[in-house]
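Structural overview for review
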Amino acid sequence: NHIIILKDGKVELDIVEIKREKLPIPYDQLVALLYEWLIEYRDPKTGIKEGLDAAFKNGYVLCAYQNNLLMGICVVINTGFEVFLPRYHLGYVATKQDIKGRGIGTQLLKKAIKLTNGQISLHVDIQNNNATKLYEKMGFKKKYFRMIYEGIHK
C-alpha cells in the first residue's frame, strides 16, 4: 500500500515576473494561452494584447510554473491614478484548464497583491461565481457595478 499526501490539493509553483524583452514563450502564444484559458470570460485577442502591452509597459505580468511548465498567467496594469482608483488593476488571471481549483489563481493573486502593496482593483463578470468567491476570499469587496455602454438596440 502507498499513501499519497496532497498539500490540500494545491500545487507547488514558481511565480515569476516576465518582461516583454525576455519572454519565455512567443508573444502571440502568450496571447493565445490567455484567450484559451479565460474560457467564456475572455476578451477579444486585441483586448488581451492591449492589456498585456500596458502591463509590460508599466505593470506586472506574472507566470506560474510547475516543473517548468506554464500553469497560470496574471496581468496587472498600472492605472496611473493615485486616489480616484487604486493604482493597479487586475486585467487577467487565467490558469490551464485541466488544473483549475488547485490554488494557482490564489497564488498568483497573492503575488499581485504583494507587488502592488494592496493597491489593486478588478472587474469580474457578474455570472462568474467561482472567480467572485476567490476574490472575496482574497480580501476584495464588492463596491459597485461597472456598466458598459453598448448602444441602443432597436
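Starting afresh in each chain, residues are numbered from 1 along the sequence in its written order. Two thresholds apply to this predicted model, a pLDDT of at least 70 for residue-level local features and 80 or more for giving and counting side-chain atom pairs, whereas whole-chain, interface and lining totals are computed over all residues. Hydrogens and water are ignored here; the side-chain numbers use all heavy atoms of the structure.

**A few points about the pattern of salt bridges**
We count a salt bridge whenever a side-chain nitrogen from Lys or Arg sits within 4 Å of a carboxyl oxygen from Asp or Glu. Tallied over the full model, the rule gives four salt bridges. Put simply, aspartate 53 and arginine 20 hold a salt bridge, and the shortest N to O gap is 2.9 Å. Placement of the pair is aspartate 53 in helix α2 (residues 45–58) and arginine 20 in the loop between β1 (14–17) and α1 (27–37), with a sequence separation of 33 residues. Secondary structure counts use DSSP, requiring at least four H or I residues in a row for a helix and at least two E residues in a row for a strand, with both numbered from the N terminus.

**Observations regarding the sheet that holds strand β3 (residues 69–78)**
Pairing between sheet strands relies on hydrogen bonds along the backbone, with the strands arranged either parallel or antiparallel. One open sheet accounts for five strands, arranged β1-β2-β3-β4-β5; its pairing is mixed. Every interior strand has two partners, whereas the edge strands, β1 and β5 (120–122), have only one. Strand after strand, the sheet turns through a mean of 30° between neighbouring axes, direction not considered. Note that strand β4 (residues 88–95) and β5 share three bridges and pair parallel. Note that in β5 the partner of histidine 89 across the bridge is serine 121. Whether two residues are in contact is decided by their heavy atoms: any pair within 4.5 Å suffices. Axes here mean lines fitted to C-alpha atoms, for a helix over just the part in contact, with angles spanning 0 to 180 degrees between N-to-C directions. Across the sheet, α1 lies against β3 and β4, angled at about 95° from β3, the strand it touches most. Paired strands are those between which DSSP finds at least two bridges.

**Description of the nonpolar core**
Buried Ala, Val, Leu, Ile, Met, Phe, Trp, Tyr and Cys residues form a nonpolar core when they are joined through side-chain atoms within 4.5 Å. Accessible area is worked out with a 1.4 Å probe on protein chains only. A residue is then buried under 20% of its type maximum, exposed over 50%, and partly exposed in between. The biggest cluster of nonpolar side chains holds 23 residues, and the ones touching the most others in it are Cys74, Val76, Leu90, Leu108 and Tyr135. For this core, the element with the most residues is helix α3 (residues 104–115), which contributes four residues. Apart from the residues within four sequence positions on either side, leucine 90 is in contact with Cys74, Val75, Val76, Leu109, Ile120, Ser121, Leu122 and Tyr135.

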